[in-house]
Amino acid sequence: MASLSRSALLPQCSSCIRRVARQSLDGRAPVQQQTRSISKAAKEAERNIVVKLLKDVPRYGRAGSYIPLNPATMRNRWFPARVADYVPFKQLKLLKSQEVDMQRDVTFGVRVNLEEVEEDSEDFLAARKPYVRPIEIETLSPERSMELLDTFVSPTIDFSRQRIEQEESKPRYGVSGAADILTAAAMGSKPKLSANAIYGSVSTADVAATLKAALAHNDEAARVILNESDIRFVTDTEGGDAQRVKELGVFKIEIQVPGAAQPLVRTVRVKAKDMDA
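The rules behind each value
Residue positions are counted from 1 within each chain, in the order its sequence is given. Selection of residues for local features in this predicted model requires a pLDDT of at least 70, selection of side-chain atom pairs for listing and counting requires 80 or more, and totals for whole chains, interfaces and linings are taken over all residues. With hydrogens and water set aside, each side-chain value is computed from the structure's full complement of heavy atoms. To qualify as a helix, a DSSP run of H or I must reach at least 4 residues; to qualify as a strand, a run of E must reach at least 2; elements of each kind are numbered from the N terminus. It only takes one pair of heavy atoms within 4.5 Å for two residues to be counted as in contact. Calculation of accessible area relied on Shrake-Rupley with a 1.4 Å probe; when residues are assessed, cover is drawn exclusively from the protein chains displayed. Pairing between strands is defined by DSSP: at least two bridges between them are needed. Axes, fitted as lines to C-alpha atoms, cover a helix only where it is in contact. Angles between the N-to-C directions of the axes lie from 0 to 180 degrees. What counts as a salt bridge is simple: a side-chain nitrogen of Lys or Arg found within 4 Å of a carboxyl oxygen of Asp or Glu. Burial classes: relative accessible area under 20% of the type maximum marks a residue as buried, over 50% as exposed, and values in between as partly exposed (1.4 Å probe, protein chains only). Grouping buried Ala, Val, Leu, Ile, Met, Phe, Trp, Tyr and Cys residues that are joined through side-chain atoms within 4.5 Å yields what is termed a nonpolar core. Under the rule applied, a polar contact is a pair of N or O atoms within 3.5 Å (in protein, one hydrogen donor and one hydrogen acceptor; residues adjacent in sequence only if both atoms are side-chain atoms). The directions considered for the arc run from the helix axis to the C-beta atoms.

Caption draft 1: Summary view of the overall build of the protein chain. Across its full length, the protein chain carries 10 helices and nine strands. Sequence-distant contacts in the protein chain: of pairs separated by 6 or more residues, those separated by 24 or more amount to 60%. On the protein chain, roughly 21,400 Å² of surface is accessible, and the fraction owed to carbon and sulfur atoms is 53%.

Spelled out as structure tokens, the structure:
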């Protein structure tokens, strides 16, 4: 068998050449290891030195304690002011062997202030009721209220109600004389309605609502405070009720706001609805 020439063993196409070249480069590339940079806090911790406090320093510690400190701060400020002193290497080695605490006490000297801040923060986070500004309304004097009522309330106030139709009395005959007697007794005990009786009534609340609607057309008159207790019927009504009428007719009312000297007299006319048509 004829031996293959050297040129026949080499890759012939362009893709094979790129594949062989890539494999050779990957085999020669050095192994890369991922490295992480040291944080700023770690760098500062490595740069700090351990010093001994000669005085009580808030947020650092009590006198005699050992804390880490920036060398520049120690050199320029604390050592000249005799706030702290350097710790020799042999003493530092002994302290480490004895596991002496050499950490900064950030709560020293400010514990009370921190408690106050916590209380303030709790008060701030607590649910507070929103401030509601009271509405200030300038009230009118009783005399001015009566003047406005006299101006804007018409002399006659009309109401419409449905009349109660009267039933015609017809003789009723029972199966016996006893039944006739019982029927007559029942009809006699039934109260007889007035010829002008109406469904419902016209009360002082209805009159007050009508008066407020009349006063609402003027800004000053709308400020008049009027309640149904300030109105009463003075005309003799059925049952002597001064708060309402239950029949058609014309009635006198008195309107007097609290504090007024004299009442205002007006007429209430209750008409049947069929009369409006």
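Caption draft 2: Expanded view of the sheet that holds strand S8 (residues 249-255). An order of S4-S9-S8-S6 is seen for the four strands of this open sheet, with the pairing classed as mixed. Bordering the open sheet on either side are strand S4 (156-161) and strand S6 (231-233), each of which pairs with just one other strand. When the angles between neighbouring strand axes are averaged without regard to direction, this sheet yields 30°. Bridge count between S6 and S8: three bridges; the pairing is antiparallel. The partner of Arg232 across the bridge, within S8, is Glu254. Helix-sheet contacts for helix H7 (residues 142-152) involve S8 and strand S9 (264-272), and the interaxial angle to S9 is about 35°.

Caption draft 3: Highlighting the pattern of salt bridges. As enumerated under the stated definition, the model contains six salt bridges in all. With a shortest N-O distance of 2.8 Å, Asp150 and Arg266 are connected by a salt bridge. Of this pair, Asp150 sits in helix H7 while Arg266 sits in strand S9, placing them 116 residues apart in sequence. Taking relative accessible area as the criterion, Asp150 reaches 43% and is therefore assigned partly exposed. Judged by relative accessible area, which is 9%, Arg266 ranks as buried. A salt bridge links Arg269 to Asp158; the nearest nitrogen and oxygen atoms lie 2.8 Å apart. With Arg269 in strand S9 and Asp158 in strand S4, this residue pair connects regions lying 111 residues apart in the sequence. Judged by relative accessible area, Arg269 falls into the partly exposed class, the value being 34%. Judged by its relative accessible area of 38%, Asp158 falls in the partly exposed class.

Caption draft 4: Region of interest: the pairing of strand S1 (residues 49-53). Looking at chain direction, S1 and strand S2 (residues 66-69) are connected through four bridges and run antiparallel. Bridging across to S2, Val50 finds its partner in Pro68. The pairing of S1 with strand S3 (residues 84-86) spans three bridges and is classified as antiparallel. Bridge assignment links Leu53 to a residue of S3, and that residue is Ala84.

Caption draft 5: The nonpolar core, seen in detail. Leu149 and Val207 are the most contacted members of the largest nonpolar core, which has 29 residues in total. Contributing elements (two or more residues each) for this core: H7, S4, strand S5 (197-203), helix H9 (204-215), S6, S8 and S9. Grouped together as the second largest cluster of nonpolar side chains are nine residues, Leu53, Ile67, Leu69 and Ala84 included.

Caption draft 6: Representation of the sheet that holds S1. Strand order across the open sheet formed by three strands is S2-S1-S3, with antiparallel pairing between neighbours. In this open sheet, the two edge strands, each paired with only one partner strand, are S2 and S3. Looking at each pair of strands side by side, their axes are set apart by 45° on average, direction ignored.

Caption draft 7: Geometry of the environment of Asp150. Between the C-alpha atom of Asp150 and that of Leu264, which follows or precedes it by 114 residues, the distance is 7.1 Å. Among all residues touching Asp150, those that are not within four sequence positions of it are Leu264 and Arg266. Within the local environment of Asp150, its side chain forms a polar contact with the side chain of Arg266, the two groups lying 2.8 Å apart.

Caption draft 8: Region of the structure containing H7. Those residues of H7 that fall on the buried side of the exposure criterion are Ser145, Met146, Leu148 and Leu149. With its buried residues spanning 160° around the axis, H7 presents them on a single face. If you follow the buried residues of H7, they end up packed against H9, S8 and S9.

Everything listed is a geometric property; what it means functionally is a separate question.
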